[in-house]
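# Observations on the three-dimensional arrangement
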Amino acid sequence: MVRNGEIGLADVKRILCRHWWIPMATMSLLGIAGFVATMVLPKKFTSSTVVLVEQPTVPVDIVKPVVNNDLNQRLASMKQEILSRSRLQPIIEKFNLYPKKRDKAHIEDLVDDLRKSVEVELIQPMLGSVNRQPPGFQVSVTYDNPQLAQQICIEITSMFMAQNLKKREQQSADTTQFLSQQLSEAKAKLDEQDARLAKFKGRYLGSLPEEEQTNLSLLTGMNTQLEAVTQSLDRAQQDKVLTETMLNSQEANWKTTQSGQQNPETQEQQLTALQDQLTTLLSRYTPEHPDVTKMKSQIEQLKRKMEEEPATKRPSAAAQANLHEPPQLQQLRAKIKQDDLTIAELTKRQSQIQEQTRAIQSRIQASPIVEQQFKELTRNYQTALELYNELLKKRENSAMATDLEHQQESETFKVLDAPSLPLTPSFPKKKIFLGGGVGAGLALALGIMYLLAMSDKSMYTERDVETCLKLPVLTMVPSFDVSATRTHGHALR
């Protein structure tokens, strides 16, 4: 007796002993039914092939591919395109597939049936491999005719290989074209920034940041030149004043001498004046200077002349008219003219240097504003240049990748084994159906025996009696098999 739906080990043994024939019957019947189903159901044959993904012959670090390396994504995209109606309908018409359904079913239903019969499965990479990309994929086609299944598998595989090649070439060409367009726009922007920068440099030539140090050096040099020119101008003016003094003194001496009216007092005054001039020259020049030497010579001549007594007479008016200025006076006059030219030249040079100095100072003062504008233009130009160089590098890489695609030197699909010709049906499989029938029979038998055990209200143990009658058990009488006893008695006789 089963209590509360719980079956013990003793109950199981008792049920198996009484109903052992039920599992045998159900397992046999359903096993036979599964075997018969394999003979009756329409057979399906599966043709499959493995397509490997060959890596590029040129290393990736040399020519970087522009096509997406994610095989899962590319394969999913190609699968959607290849299993579309526009690609599967020609296959149905080419091999005359589903001849019994073509008159009754719509073409969309036939395409859907063919789509369901095609399976594309990625091959998982080996554990521990560095590259986690799938090494390839498997294409399987299931159909009721083995030859047609093989032909369809060949056709689908060829579509995948052609589609991969076409898509990679198209994507590479589109990428190269896009980068070329972007490169042209970047070059136009770069030329524009270059023209702006060149115009700015031409406009503020001499005030650019990199010329600031040069301007400071030029300003220092100009100041030095201006100081030197100023000193030279002062010396020239002093020389002119000194020469004019000497000319006036010597001219007065010469006129006095020629008029015969020179006396010792006048000679003493001349000597004093010449000595004062010598003192002035020595304060400015060395004793070996030509002017100093000449002045000393004049002083000596005047001293000798003062020591001598006048022995000459006053010349006549006719002789005086024929006399000319001595060479010393003419040299002094020529020197004054030369000093005038030197002073004029130095004054002009001083004005030029002052004008250049003011120009350099104005450039230095404007340098901070020019530097700010120049930095902005330079930054824009540098940004445009970096963008142009980056696009140029990418375009060249894309062009090389496109050439590799055309030469089929990049990643390609390779059929490892040709689509197989199936000799045994993939559906229904006898082992699966037979095993399934036997398993279903066993499950059915267990269910039947469980129901029989639940419906059995007989009492087999002391606990069953106490549970049902609610009375204590005093003693138990063993069960006697009367038929077995009778058989044994006849045997003894």
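### Notes on a nonpolar patch on the surface
On the surface, a cluster of nonpolar side chains totalling about 620 Å² of accessible area is made up of Ile 32, Phe 35, Val 36, Met 39, Val 40, Leu 434 and Val 438. Mapped onto the nonpolar patch, the elements with two or more residues apiece are α2 (21-40) and α12 (430-455). By residue number, the principal contributor to the nonpolar patch is α2, which donates 5 residues. The topology assignment puts Val 40 in helix α2.

### Remarks on the sheet that holds strand β1 (residues 45-54)
Taken in spatial order, the 4 strands make up an open sheet running β2-β3-β1-β4, and their pairing is antiparallel. Bordering the open sheet on either side are β2 (118-123) and β4 (412-415), each of which pairs with just one other strand. This sheet shows a mean twist of 25 degrees between the axes of neighbouring strands, independent of strand direction. Bridge count for β1 against strand β3 (residues 136-143) is 8 bridges, and the pairing is antiparallel. Looking at β3, one finds that Thr 49 is bridged to Val 139. Contacts from helix α6 (residues 146-203) reach β1, β2, β3 and β4, with the element oriented near 145 degrees to β3.

### A short note on the side chain of Ser 47
Here Ser 47 lies in strand β1. Residue Ser 47 is classed as buried on the basis of its relative accessible area of 0%. From its side chain, Ser 47 meets the backbone oxygen of Ser 420 in a polar contact 2.5 Å long. Once residues within four sequence positions are removed from consideration, Ser 47 is found in contact with Val 139, Ser 140, Val 141, Ala 149, Gln 150, Cys 153, Pro 419, Ser 420 and Pro 422.

### A short note on the packing of helix α4 (residues 85-95) against α6
Here α4 crosses α6 at 145 degrees, and the two axes come no closer than 11 Å. Regarding α4 and α6, the two cross each other, and that crossing is right-handed. Each of Arg 87, Leu 88, Ile 91, Lys 94 and Phe 95 in α4 lies in contact with α6, whose residues at this interface are Leu 148, Gln 151, Ile 152, Glu 155, Ile 156, Met 159 and Gln 163. Considered class by class, the residues forming the contact of α4 with α6 number 7 nonpolar, 2 polar and 3 charged.

Rules behind the numbers
- Residue numbers restart at each chain and count upward from 1, following the sequence in its written direction.
- Local features in a predicted model are, by the rule used here, given only for residues with pLDDT of at least 70; side-chain atom pairs are given and counted only at 80 or more, and totals for whole chains, interfaces and linings are based on all residues.
- Hydrogens and water molecules were not included; the side-chain quantities draw on all heavy atoms of the structure.
- Only residues above 30% relative accessible area that lack a salt bridge enter a patch, with like-charged residues linked at up to 9 Å and the nonpolar side chains Val, Leu, Ile, Met, Phe, Trp and Tyr linked at up to 5 Å.
- Shrake-Rupley sampling with a 1.4 Å probe provides the accessible areas, and residues are treated as covered by the protein chains on show and by no other component.
- Whenever Lys or Arg places a side-chain nitrogen within 4 Å of a carboxyl oxygen from Asp or Glu, that contact is recorded as a salt bridge.
- Think of it this way: any DSSP run of H or I at least four residues long counts as a helix, any run of E at least two long counts as a strand, and we number them from the N terminus.
- Here, a strand pair is defined by DSSP locating no fewer than two bridges between the strands.
- To obtain an axis, a line is fitted to C-alpha atoms, over the contacting stretch when the element is a helix, and the angle between two such axes runs from 0 to 180 degrees between their N-to-C directions.
- Throughout, a contact is declared for two residues whenever any of their heavy atoms are within 4.5 Å.
- Classification of residues uses two cut-offs on accessible area relative to the type maximum, computed with a 1.4 Å probe and protein chains only: under 20% is buried, over 50% is exposed, and between them is partly exposed.
- Polar contact is defined as a pair of N or O atoms within 3.5 Å, subject to the rule that within protein one atom must be able to donate a hydrogen and the other to accept it, and that residues adjacent in sequence are counted only when both atoms are side-chain atoms.
- For any pair of crossing helices, the crossing counts as left-handed if the nearer helix is rotated counterclockwise from the farther one by less than a right angle, and right-handed if it is rotated clockwise.
- Amino acids outside the nonpolar list (Ala, Val, Leu, Ile, Met, Phe, Trp, Tyr, Cys, Pro) and the charged list (Asp, Glu, Lys, Arg) are all regarded as polar, and Gly is one of them.

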